[in-house]
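# Survey of secondary and tertiary structure
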Amino acid sequence: IMLLTDPEIESSLLISSDEGATYQKYRLNFYIQSLLFHPKQEDWILAYSQDQKLYSSAEFGRRWQLVQEGVIPNRFYWSVMGSNKEPDLVHLEARTVDGHSQYLTCGMQNCTEASRNKPFPGYIDPDSLIVQDDYVFVQLTSGGRPHYYVSYRRNAFAQMKLPKYALPKDMHVISTDENQVFAAVQEWNQNDTYNLYISDTHGVYFTLALENVQSSRGPEGNVMIDLYEVAGIKGMFLANKKIDNQVKTFITYNKGRDWHLLQAPDTDLRGDPVHCLLPYCSLHLHLKVSENPYTSGIIASRDTAPSIIVASGNIGSELSDSDISMFVSSDAGNTWRQIFEEEHSVLYLDQGGVLVAMKHTSLPIRHLWLSFDEGRSWSKYSFTSIPLFVDGVLGEPGEETLIMTVFGHFSHRSEWQLVKVDYKSIFDRRCAEEDYRPWQLHSQGEACIMGAKRIYKKRKSERKCMQGKYAGAMESEPCVCTEADFDCDYGYERHSNGQCLPAFWFNPSSLSKDCSLGQSYLNSTGYRKVVSNNCTDGVREQYTAKPQKCPGKAPRGLRIVTADGKLTAEQGHNVTLVVQLEEGDVQRTFIQVDFGDGIAVSYVNLSSMEDGIKHVYHNVGIFRVTVQVDNSLGSDSAVLYLHVTCPLEHVHLSLPFVTTKNKEVNATAVLWPSQVGTLTYVWWYGNNTEPLITLEGSISFKFTSEGMNTITVQVSAGNAILQDTKTIAVYEEFRSLRLSFSPNLDDYNPDIPEWRRDISRVIKKSLVEATAVPGQHILVAVLPGLPTAAELFVLPYQDPTGENKRSAEDLEQISELLIHKLNLNSVHFELKPGVQVLVHAAHLTAAPLVDLTPTHSGSAMLMLLSVVFVGLAVFVIYKFKRKIPGINVYAQMQNEKEQEMVSQVSHPESRPCIPQTELRRPGQLIDEKVESQLIGE
């Protein structure tokens, strides 16, 4: 016995090896969220912790060892005996450091990096691993569509093949019994229903079994499919199908090959006749199974009582949640009887020889009902002298038991009460051979079910004796194969005449596409025998696939794709290319693949390329990948245009701080790294409600009104979108002045944007205090680089009333006042205690930037010539890569982020996709053509 302590108090296990007489405490260094015991080794346990770690114990919890971190909840499994050679093998889904999910296997006591295996190549979708019997399932989404993969008996994974246009949105594995997969698939045009599909033995090829099965959501949001597998009879299922907004219950005896409505009882509970005519009226059942072990579901069947089914439901044209009664079938669903008019929990005791029913009610009860004749008659018994609120009922393990335990409480304040009920005293003897009669399993009179006639022995209803252990079917005899024993093969659909014909999307000859001349393949007849069907002879030979020699074919239907279905690859990383061929001799074929980057490879057959072709691109761009396939009968070719990209890390919008009205402004998106592949630029500026979309990183535009304007650029690179936003001031005229500082400021300049913004604010405050010029007239921008320099803008200001706007003469006066104060060393600020910084006028920029005089005076021409000479001097200096403080270079004024970019270049080994030409000195990250254009302006 193992008990877990309350985790809010402590994390410990209490373990007893003497049926609870004594306990020993074992403290844990983790908090258990769930436990999974090994199906065979009773001392082996997996424990899942609250911090997503998986631990293992081979000593019934006395010692623990860490298996794996980052394990997905409920996605860990023990090995399956027969499919795995190592009994201590653990299957799990774990999350990697970068957030992806992987399927891993390793030993419970030896799960190191070296010993871990990755059975599925690459990543899988989160929370998608399922290990069940001989099958392992994973999901991988690419191109917006989920793709499902299966491994049969731990062999290589293969993609599960549904009908071509099923286009699944969701899939749930319902059953993997008897070497076959039963799956519920929600297709692209379904919302609250699923289609049932059934597979071949390997779980790869699926055919439709039933459409539009009802689904619902469980208490925790999990999907619940209205499908029930009847225990004890293989191939028998019940399903609720939605037809014209009505939900009806159907039954199949041959794994979905044929479905029928349920015949309603002939009489009701009082013996009155029931008028219910198929197909307009039938019996409908609720098929939800209880996940709580203390309560039976609203439908129940047992392996040891193969003919008895108990369920709640109603009679009518559709399934209803009102007017619910209880029904029983003692002949495997052929006929039904009403047993109660209200819902009851029903337990099977003594192989169904005793049925115990307890009413579903919120009131306390004292009585239960017993039936010894498979629900034909019921007797009332008292199990407690005081009425009990029943919380749950459990039968002892083993179907031959005659003991049940009732859990409940006498009042809402009382403790739990456990009432043990033993029915042994009811029987005075064990059953003998003469107490049984033969019973033949059938479906509405048809005795051949799943290719065999099965006869069971059942206790005679009038005999009251204890059965003991279950003996199974008394005898089984194979039937002669008929068309009813065969389902349609993959790619075929059953028509109204019963024939299986190819679907419009399926080419039967494609089955030989992986076949080489001289070999043979199985040519489908359009039919396949239902898995686990035991029929012999008859039409078996006629309907079974025939071996056929592989025909020689010219290559046709050639495609080349990436393994993940994407049209992009990352520079410097492996990309896997897959060559697909619909038809052609795969062995005697010559294949040549040209990657478009000057490298080409050749292969002599397609089978040598099954795992794909790996290639690494060292440059960014769009590459034309071509593949040519030739054999003696012809050739085919295919092309893939592959976009090789490098991740975009930074976007910096470069434009002036201030510009004049109606003057063209250039805005440039500066990227890091500069070469990342195909990009799309989305520009928002001014009052435009619609963006401008370009393929170029620069645009020009004008502002027709004064004021502050915001410009945003968004750069789309693959799945990443980065943006930057800047503000530009627009005026008819302004003045600008270059500022320099005492050299001690350089000692404290870290050359980052945040520092520059703060110092700009301090300088502006000092200017306002020294000159008494209103702050609305002043804009200061500290420039990147050393020595430290700044640009001072003198701006016009118009009050909210629209009056008192400064004229050009006013701006000139303000400029002269600022220069005067600067020359007098009146502008200074304290950087830190004891560190005083003086601000100087370094260079006066010609302003306004447009000619305001009606005629070209001599002084205006002199100023224009000065501007030209200054521009030429700056251009020459730039070409020689020299830097002179005080020159007004607008390209450097705006570059508020380049220093952050440069700081990341200092470790080029961590940026393998950055071209070496990008390793430039500070202030040089702007493209040369762009910078020259800005300087010239």
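Cut-offs applied
- Residues numbered from 1 in each chain as written.
- Predicted model: local features only at pLDDT ≥ 70, side-chain atom pairs only at ≥ 80, totals over all residues.
- Heavy atoms only, no water.
- UniProt positions renumbered as here; feature names shortened; annotations may be inferred.
- Helix = DSSP H or I, 4+ residues; strand = E, 2+ residues; numbered from the N terminus.
- Buried < 20%, exposed > 50% of the residue type's maximum accessible area, 1.4 Å probe, protein only.
- Lys, Arg positive; Asp, Glu negative; His and termini not counted.
- Salt bridge = Lys/Arg side-chain N within 4 Å of Asp/Glu carboxyl O.
- Polar contact = N/O pair within 3.5 Å; in protein donor to acceptor, adjacent residues only side chain to side chain.
- Contact = heavy atoms within 4.5 Å.
- Phe/Tyr/Trp six-rings, centres within 6.5 Å; stacked < 30°, edge-to-face > 60°.
- Lys NZ or Arg CZ within 6 Å of the ring centre and 35° of its normal.
- Core = buried A, V, L, I, M, F, W, Y, C linked by side-chain atoms within 4.5 Å.
- Expected span 1.5 Å × (residues − 1).
- Disulfide = S-S within 2.5 Å.

Looking up the protein chain in an unreviewed UniProt entry gives the name Sortilin related VPS10 domain containing receptor 1, with the organism given as Phocoena sinus. Its UniProt record, at the heading Subcellular location (unreviewed entry), says of the protein chain: "Membrane". What UniProt states about the protein chain under its Sequence similarities (unreviewed entry) heading is, verbatim, "Belongs to the VPS10-related sortilin family. SORCS subfamily."

The next thing to look at is the side chain of Arg-459. Within the secondary structure, Arg-459 is located in strand S37 (residues 452-459). Despite being buried, Arg-459 has no salt bridge partner; Asp-350 is the closest side chain of opposite charge, sitting 4.2 Å away. There is a polar contact of 3.4 Å between the side chain of Arg-459 and the backbone oxygen of Arg-463. Once residues lying within four places of it in the same chain are set aside, the contact partners of Arg-459 are Asp-350, Gly-353, Phe-372, Phe-427, Cys-431, Asp-435, Tyr-436, Cys-465 and Gln-467.

Another point: the packing of aromatic side chains. In this structure the tally under the stated criterion is 30 aromatic pairs. A network of ring pairs unites the aromatic residues Tyr-205, Tyr-490, Tyr-492, Trp-505 and Phe-506 as a single cluster. Taking the ring centre of Phe-372 as reference, the NZ or CZ of Lys-464 above it sits at 4.5 Å.

Glancing now at the nonpolar core. Counting residues in hydrophobic clusters, the biggest one holds 26 residues, and the most contacted among them are Met-236, Leu-238 and Leu-285. Mapped by element, the contributors of at least two residues to this core are strand S24 (282-285) and strand S26 (305-316). Setting aside anything within four residues of it in sequence, one finds Leu-285 in contact with Leu-238, Asn-240, Thr-249, Leu-262, Ala-311, Ser-312, Gly-313, Leu-319 and Trp-336. Formed by 25 residues, the second largest nonpolar core is a distinct cluster that contains Ile-759, Ile-763, Ala-790 and Leu-792.

Here we come to helix H3 (residues 808-823). With 16 residues, H3 extends 22 Å from end C-alpha to end C-alpha; this agrees with the ideal 22 Å at 1.5 Å per step. Asn-825 sits one or two residues past H3 and shows a positive phi near 60°.

Below, the discussion takes up the state of the cysteines. Applying the stated criterion across every chain, the model contains 6 disulfides. Each sulfur of the disulfide joining Cys-488 and Cys-500 lies 2.0 Å from the other. Its S-S torsion of approximately -80° makes the covalent link between Cys-488 and Cys-500 left-handed. Here Cys-500 lies in strand S41 (residues 500-502) and Cys-488 lies in strand S39 (residues 486-488), a separation of 12 residues in the sequence. Comparing Cys-488 with Cys-500, the two get one shared label, buried.

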